[in-house]
Amino acid sequence: MTTATPYGTLPPASPVAARKPVSLPRLAEMRERGEKITMLTAYDATFAVVADAAGVECILVGDSLGMVCQGLPSTVGVTLETMCYHTESVARGIRRVQGTCWIIGDLPFGSYQESREQALRSATALMQAGAHMVKLEGGGWTTETVRFLVERGIPVCAHLGLTPQTVHALGGYRVQGRGEESARALERDALALQDAGASMLVLEMVPAALSAQLTEKLPRCHTIGIGAGKDTAGQVLVMHDMLGINLGKNPKFVRNFMQGQGSVLDAMRAYVSAVKDGSFPDNSLHAW
């Protein structure tokens, strides 16, 4: 039973039938039977619990909080201290209602680029804050960092395509992997990250056809698409975007799930349902 509090009562945990905790083996089982993995960002206890109750398997405590919560122009200004604070908030909420979701903490810009040892210290801080997995951006040099973390018992989610922490180097928020040379480089990085032990891979703003090909070639690394078409192993959206509440125009790959729904819980359930049944994303509307 949930105890009422003066400042808001957290909703109940996910339905009893779905209360088996999400884990890496369970995600692999979902992939094996062809069930799509759902992921949303959340940055506080209440929204995290609502997402869990809606049936979302994975919650990403993303450095996107810099833009949607702090009003920053990009994710570059987010600190490790901030990420730990929000990860702790999410984890406390999930524990309080005995939720079942898998929590992923974003390693912010500057917290892992210096060395593998720096990455380990930063990842340790996020894990101690309540994350089950950490996420980092980029390929190439990150491969050995991923291997170093995984060998030390830290699950890693990689991130290729549009990598917001390096948006200035990429020349803006642009689709990545277009053209034969660019596609080959992205595939090379993805395969290397899988070999290094990455269990998940966010593909952001990558052509749908390329994402589908990569997903087939990455049986041990579950691809999670955002603007990458419907054929990835799962999908992720920034929570504020899918609820239609943001500070600007929604990207092409976003659908407003609050439309026609009576509550945030219903909107999140609609998102889960649409990802599971394959109606979202629609490659003709939400992909390149």
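Residues numbered from 1 in each chain as written. Predicted model: local features only at pLDDT ≥ 70, side-chain atom pairs only at ≥ 80, totals over all residues. Heavy atoms only, no water.

Draft legend 1. Seen up close, the sheet that holds strand β1 (residues 37-41). Read around the closed barrel, the eight strands follow the order β1-β2-β3-β4-β5-β6-β7-β8; overall the barrel is parallel. Between one strand axis and the next, the sheet turns through 25 degrees on average, direction left out of account. Note: β1 against strand β2 (residues 58-61), three bridges, orientation parallel. Each bridged residue has a counterpart across the sheet, and for L40 the counterpart in β2 is I59. (Pairing = 2+ DSSP bridges. Helix = DSSP H or I, 4+ residues; strand = E, 2+ residues; numbered from the N terminus. Axes fitted to C-alpha atoms, helices over the stretch in contact; angles between N-to-C directions.)

Draft legend 2. Quick peek at the pairing of strand β8 (residues 234-237). Residues G234 and V236 line one face of β8 and the alternating positions Q235 and L237 line the opposite face, and both faces are buried. In terms of strand pairing, β1 meets β8 through four bridges, oriented parallel. Across the sheet, M39 pairs through a bridge with V236, a residue of β8. With two bridges connecting them, strand β7 (residues 222-226) and β8 associate as parallel partners. Following the sheet pairing, I224 is matched in β8 by G234. (Buried < 20%, exposed > 50% of the residue type's maximum accessible area, 1.4 Å probe, protein only.)

Draft legend 3. Seen up close, the pattern of salt bridges. In total, this model carries 11 salt bridges according to the counting rule given. In this structure, the salt-bridge partner of K217 is E187, at a minimum N-O distance of 2.9 Å. Separated by 30 residues along the polypeptide, K217 in helix α9 (residues 208-217) and E187 in helix α8 (residues 180-196) bring together distant segments of the chain. Each of R33, E35, E57 and K276 takes part in salt bridges that share partners, so that together they form one network. (Salt bridge = Lys/Arg side-chain N within 4 Å of Asp/Glu carboxyl O.)

Draft legend 4. How the structure looks around the confidence of the model for the chain. Chain-level statistics for the chain give a pLDDT mean of 94 and a share of 94% at 70 or above. Confidence, read as mean pLDDT per element, is least for helix α7 (residues 167-170) in the chain (84) and greatest for strand β4 (residues 133-135) (99). (pLDDT = per-residue confidence, 0-100.)

Draft legend 5. Helix α6 (residues 142-151), seen in detail. Taken together, the buried positions of α6 are T142, T143, T145, V146, F148 and L149. Check the buried side of α6 and you find it contacts α5 (116-129), β4, β5 (156-161) and α8. (Contact = heavy atoms within 4.5 Å.)

Draft legend 6. Main features of the environment of R188. In this structure, R188 sits in helix α8. According to the relative accessible area criterion, R188 is exposed, its value standing at 55%. Along the sequence, R188 and G139 sit 49 residues apart, while their C-alpha atoms lie 8.8 Å from each other.

Draft legend 7. Summary view of the packing of helix α2 (residues 45-53) against helix α11 (residues 264-277). Direction vectors running N to C along α2 and α11 enclose 50 degrees, while the axes themselves pass 8 Å from each other. It follows that α2 is oblique to α11 by the angle criterion. α11 is crossed by α2, and the crossing has right-handed handedness. Counting all contacts with α2, which are made through F47, V50, A51 and A53, the residues of α11 involved are V264, L265, M268 and R269. Partitioning the contact of α2 with α11 into residue classes produces seven nonpolar, no polar and one charged. (Parallel < 35°, antiparallel > 145°, perpendicular 65-115°, else oblique. Left-handed = near helix turned anticlockwise from the far one by under 90°. Nonpolar A, V, L, I, M, F, W, Y, C, P; charged D, E, K, R; others polar.)

Draft legend 8. Representation of the environment of L243 in the model. As for its placement among the helices and strands, L243 is situated in the loop between α10 (239-242) and α11. When the C-alpha atoms of L243 and A192 are compared, they prove to be 35 Å apart, with 51 residues separating the residues in sequence. Once you skip the residues sitting within four places of it in the chain, L243 turns out to touch F47, N256, M258, V264 and A267.

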